[in-house]
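Now for the letters of each chain:
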Amino acid sequence: MNDLKGISMVWLSETDLTNLNAGEGESNYIDVKKYKKDGTEYPYVSGQAMRFYLREAIRRNLSEDEYMCVPDDKGETCGDISKCINCDLFGFMTTVKGKGAITRVSPVKVSPAIGLFSFDENSNVDFLTRRHRITESSKMEGDIVNVEVGTNIYKDGISIDLLRVGSEEIIDEDNRTVKIEPKIDKNIINSRIQKVIEGIGFLSDYSKQARLLTDFTPDAIAISFQNRYSHRLQKLFELNEEGKLNTERFKQILDEVEEYSDQIFFGIISGLLNKEDEKFVKDVFKEKGIEVKTPKEALDDAALSLTTKPE
Ligand SMILES: [Zn+2]
């Protein structure tokens, strides 16, 4: 376990009719972000928005002695990675007096959440009343906002570069080499990694959620603890427009990732996939001797394995 280089997670989340975009804006028409593939539009939630949701999920769960800064009015954060969980995990660009701009690349990479089904077939326009306009008579009045909403299954993933959590890159100018130097205790590093894993199970600060309640936590999730840093696991789930899983690819990717993984965790709730695919997935893991649990249990097991590991 001591030679772990990366943790990769990929998951699917089925949504009810909802709009998950960040930034409410002042417009009276709030659309869903979409990307086009072969002429068809699919919804997505940006990687930046997903990072925000994850960060806020972690922030909500902090204990009293843990610290996460909030960006100042210039959007700059504290930059103290030994003290600040936010700056350590999510990186920063900040100006330090006499030193200029300092940048830290985030050791936690979050992908956009990609809707797997076409938007046209699965969407609607909803009406919300927004009550924030103060008229000349100082009375609050509502105006109607049209919000595009859709159902879908979203695929999302994150990758944690374990060597860089709680560490800084030190450049040796003479030899032109880079050394990664830990700045905090190994136990604190592990607790920060655990917070990221646990945070995935508690994503909830999506925009519009004051009005539209939706669950965007994983309905199926695979987590690999890898001794090589690789994003390969992100290709695990491929569904066609009918929701049928590409089972051949599922097995191929899993076999490949298993070769450089110490541990793999998997959780799924029933009814996300069709019966045959669900059985296929469970059989694949059974063959590998991996117990399939619920997504929450898989996340808990993964987080826990970081505590129990011998130093
Ligand atoms: Zn900070």
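Rules of the game
- Residues numbered from 1 in each chain as written.
- Predicted model: local features only at pLDDT ≥ 70, side-chain atom pairs only at ≥ 80, totals over all residues.
- Heavy atoms only, no water.
- Helix = DSSP H or I, 4+ residues; strand = E, 2+ residues; numbered from the N terminus.
- Buried < 20%, exposed > 50% of the residue type's maximum accessible area, 1.4 Å probe, protein only.
- Contact = heavy atoms within 4.5 Å.
- Expected span 1.5 Å × (residues − 1).
- Arc of directions from axis to C-beta.
- Polar contact = N/O pair within 3.5 Å; in protein donor to acceptor, adjacent residues only side chain to side chain.
- Donors = N, O, S within 2.8 Å, 3.2 Å for Na, K, Ca; no water.
- pLDDT = per-residue confidence, 0-100.
- Core = buried A, V, L, I, M, F, W, Y, C linked by side-chain atoms within 4.5 Å.
- Salt bridge = Lys/Arg side-chain N within 4 Å of Asp/Glu carboxyl O.
- Pairing = 2+ DSSP bridges.
- Phe/Tyr/Trp six-rings, centres within 6.5 Å; stacked < 30°, edge-to-face > 60°.

Chemist: Just checking my understanding: could you explain the overall build of the chain for this structure?
Modeler: From N to C terminus, the chain includes 6 helices and 15 strands. Of all 311 residues assigned to the chain, the portion counted as buried reaches 47%. Across the chain, every contact between residues at least 6 apart in sequence was considered, and the portion connecting residues at least 24 apart equals 71%.

Chemist: Could you clarify how one ought to interpret helix α4 (residues 247-259) in this entry?
Modeler: The α-helix winds at 3.6 residues per turn, so residues separated by three or four positions along the chain end up facing the same way. The end-to-end C-alpha distance of α4, which contains 13 residues, comes to 19 Å, matching closely the 18 Å that a straight helix rising 1.5 Å per residue would cover. All of the buried residues in α4 are T247, F250, I253, L254 and V257. Buried residues in α4, looked at end-on, bunch into an arc of 130°, giving them a common side. Exposed residues on α4 whose side chains face more than 90 degrees from its buried face are E248 and E259. Structurally, α4 contributes buried residues whose contacts are with β13 (220-226), β14 (261-268) and α5 (275-287). The residue sitting at the N-terminus of α4 and contributing the capping side-chain oxygen is N246; that oxygen lies 3.4 Å from the backbone nitrogen of E248.

Chemist: What is the right way to read the environment of A302 from this model?
Modeler: Here A302 is to be found in helix α6 (residues 295-308). Looking at A302, the relative accessible area reads 0%, which means it is buried. Distance in space between the C-alpha atoms of A302 and I264 is 8.4 Å, their sequence separation being 38 residues.

Chemist: Would you take a moment to explain the coordination of the zinc ion for this structure?
Modeler: Reference values for angles at a metal are 109.5 degrees in the four-donor tetrahedral case and 90 or 180 degrees in the six-donor octahedral case. All of the protein donors around the zinc ion are C69 (SG), C78 (SG), C84 (SG) and C87 (SG); their distances to the metal are 2.2 to 2.4 Å. Sequence positions of the residues that donate to the zinc ion give the spacing C-x8-C-x5-C-x2-C. Classification of C84 as buried rests on a relative accessible area of 0%.

Chemist: When you look at the environment of R249 in this model, what are you seeing that I'm missing?
Modeler: Along the polypeptide, R249 turns up in helix α4. With relative accessibility at 22%, the residue R249 sits in the partly exposed group. Here the alpha-carbon distance between R249 and K235, two residues 14 residues apart in the chain, equals 8.3 Å. Discounting chain neighbours no more than four positions away, the residues touching R249 are K235, L236 and E238.

Chemist: Help me understand the confidence of the model for the chain in this model?
Modeler: Atomic detail in the predicted coordinates should be set aside for any region of low pLDDT. Across the chain, the average pLDDT comes to 85, with 82% of residues at 70 or higher. Ignoring residues within four places in sequence, the model shows residues 132-139, a span with pLDDT below 50, making 10 contacts including any to other chains.

Chemist: Hey, could you run me through the nonpolar core in this one?
Modeler: Generally speaking, a soluble globular protein has its nonpolar side chains buried in company with each other. Among the nonpolar cores identified, the biggest contains 40 residues, and M9, L54, I158, I160, I197 and I223 are the most heavily contacted of them. The element best represented in this core is helix α1 (residues 47-60), accounting for 6 residues. Setting aside anything within four residues of it in sequence, one finds I158 in contact with I7, S8, M9, W11, L54, V108, K109, V110, V196, I200 and Q234. Within the second largest apolar cluster, 26 residues are counted, among which are A222, F250, L254 and F266.

Chemist: What am I meant to see in the pattern of salt bridges here?
Modeler: For the coordinates displayed, the defined rule picks out 20 salt bridges. In this structure, K195 and E66 form a salt bridge, with 2.9 Å as the shortest nitrogen-oxygen distance. On the criterion of sequence distance, the pair formed by K195 in helix α3 (residues 186-200) and E66 in the loop between α1 and α2 (85-90) is long-range, its members being 129 residues apart. Since its relative accessible area comes to 13%, K195 is described here as buried. Judged by its relative accessible area of 23%, E66 falls in the partly exposed class. In this structure, the salt-bridge partner of D255 is K288, at a minimum N-O distance of 2.5 Å. Of the two residues, D255 sits in helix α4 while K288 sits in the loop between α5 and β15 (292-293), which places them 33 residues apart along the sequence. When salt bridges with common partners are traced through the structure, they connect E168, K179, E181 and K183 into a single cluster.

Chemist: Please explain the pairing of strand β12 (residues 177-182) as it appears in this structure.
Modeler: Each regular strand displays side chains that alternate between the two surfaces of the sheet. Two strands pair when backbone bridges link them, and strand β11 (residues 167-172) and β12 are joined in this way by 6 bridges, in the antiparallel orientation. Its bridge partner being in β12, I171 is matched across the sheet by V178. What sits between the antiparallel neighbours β11 and β12 is a turn of 4 residues, in which R176 has the positive phi angle 55°.

Chemist: How should I be thinking about the packing of aromatic side chains in this particular structure?
Modeler: Any two aromatic rings considered together are summarised by their centre-to-centre distance and by the angle between their planes. Using the criterion set out here, one finds 10 aromatic pairs in the structure. A centroid spacing of 6.0 Å and a plane angle of 85° characterise the contact between F250 and F266, whose relative ring orientation is edge-to-face. Residue F250 is located in helix α4, and its partner F266 is located in strand β14; the two are separated by 16 residues in the primary sequence. Linked through ring pairs, F237, F250, F266 and F285 together constitute an aromatic cluster.

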